[in-house]
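Secondary and tertiary structure notes
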Amino acid sequence: MSEHSAEYVLVPDLVKRFESLTSEIIPMFFWSTREGNSTSRGMMARSSVKIISAFARRPKLSPVKDHKISFKINEELINYSHMNKEFGISVLAGVPLAQSLFDIRLNTPCCWYKIDGFTECMIDIDMQGNAISSNPTQAFLPIRLTDQQLCDMVSSSKQMSWVEAVEIIRHIKRAYRAHRGGYFSFFGIYQPFHLIFPTIYL
């Protein structure tokens, strides 16, 4: 499956994990000319928000029925995470625990990992989301995040105005374009979705 197909499962799963914190969450795929345009900025000018960004990872299957799946953490995702950390935004990687396209449902179990600490690698996980091996073998093995750890990430995130949030997201995109010499695959394949938390509800 594509990362975009995985997103349909991952977005509702991640939103549900924050139910103990707040039900006032805005899932968003950010376009500067849509969510970041002057109308949006004007309507939300006095709003304060916190942001969690997330990348969908598609489960890669072994030809052997060994009850594990794999997912890849790319260099682009790691760099994106480092830039967001400077602005107080945590970045997650999520993967549905599915061994077949026909396992995909809105209630398919998913697991979440913080991208901090990764080097580019392929991670093997069991069907409970526990990391069991990596390639290269010396790569960092992530720990599946609990709901409480996810909520703690929101609580410790930077509070900012919506106008500031728009500028931060735009700045990161511009920095990547400059680094890679223009438009590149990150903006075609590896695009995050965002959860926006209006801080009045936190």
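Note that this is a predicted model, so its numbers are computed, not measured.

Thresholds applied
- Residues numbered from 1 in each chain as written.
- Predicted model: local features only at pLDDT ≥ 70, side-chain atom pairs only at ≥ 80, totals over all residues.
- Heavy atoms only, no water.
- Pairing = 2+ DSSP bridges.
- Helix = DSSP H or I, 4+ residues; strand = E, 2+ residues; numbered from the N terminus.
- Disulfide = S-S within 2.5 Å.
- Buried < 20%, exposed > 50% of the residue type's maximum accessible area, 1.4 Å probe, protein only.
- Phe/Tyr/Trp six-rings, centres within 6.5 Å; stacked < 30°, edge-to-face > 60°.
- Lys, Arg positive; Asp, Glu negative; His and termini not counted.
- Salt bridge = Lys/Arg side-chain N within 4 Å of Asp/Glu carboxyl O.
- Polar contact = N/O pair within 3.5 Å; in protein donor to acceptor, adjacent residues only side chain to side chain.
- Contact = heavy atoms within 4.5 Å.
- Core = buried A, V, L, I, M, F, W, Y, C linked by side-chain atoms within 4.5 Å.

This brings us to the sheet that holds strand 8 (residues 131–135). In spatial order, the strands read 3-4-7-8; together these four strands make up an open sheet with antiparallel pairing. Pairing within the sheet leaves two strands with one partner each, and these edge strands are strand 3 (60–61) and strand 8. Looking at chain direction, strand 3 and strand 4 (residues 68–73) are connected through two bridges and run antiparallel. Along strand 4, the bridge assignment pairs Lys60 with Ser70.

Quick look at the state of the cysteines now. The full count for this structure, using the stated rule, is zero disulfides. In this structure Cys110 is not part of a disulfide, and its nearest cysteine sulfur, from Cys111, lies 7.5 Å away. On the basis of relative accessible area, Cys111 is assigned to the buried category, the value being 0%.

Here the structure, examined in full by the defined rule, presents four aromatic pairs. Relative to Phe197, the ring of Phe18 has its centre 5.1 Å away and its plane inclined at 85 degrees; by these criteria the two rings are edge-to-face. Taken together, the positions of Phe18 in the loop between helix 1 (3–17) and strand 1 (26–28) and Phe197 in strand 10 (residues 193–198) put the pair 179 residues apart, joining distant regions of the chain. In this pair, the class of Phe18 matches that of Phe197, namely buried. Here the aromatic rings of Phe118 and Phe140 are separated by 5.6 Å at their centres, their planes lie at 90 degrees, and the arrangement is edge-to-face. Of the two residues, Phe118 is situated in the loop between strand 6 (110–114) and strand 7 (121–126) and Phe140 in the loop between strand 8 and helix 4 (147–155); the sequence distance between them amounts to 22 residues. With a relative accessible area of 5%, Phe118 lands in the buried category. Residue Phe140 is classed as partly exposed on the basis of its relative accessible area, which comes to 37%.

Along the chain, Lys50 turns up in strand 2 (residues 48–56). Despite being buried, Lys50 has no salt bridge partner; Asp152 is the closest side chain of opposite charge, sitting 10 Å away. Looking at Lys50, its side chain comes within polar contact range of the main-chain oxygen of Val154, at 3.5 Å. Excluding residues that lie within four positions of it along the chain, Lys50 makes contacts with Val154, Ser155, Ser157, Lys158, Gln159, Leu195, Ile196, Phe197, Thr199 and Leu202.

We now examine the nonpolar core. In terms of nonpolar packing, the biggest core is built from 34 residues, with Ile51, Ile115 and Ile125 touching the most fellow members. Secondary-structure elements contributing two or more residues to this core are strand 2, strand 4, helix 3 (75–86), strand 5 (90–96), strand 6, strand 7 and helix 5 (162–180). Per-element accounting of this core gives the leading share, six residues, to helix 5. If we skip the residues at most four places from it in the chain, Ile115 touches Phe55, Leu77, Ile78, Ser81, Val91, Leu92 and Ala93. Formed by 20 residues, the second largest nonpolar core is a distinct cluster that contains Val9, Phe18, Ile52 and Leu145.

Everything listed here is a matter of coordinates, which is why it stays silent on function.
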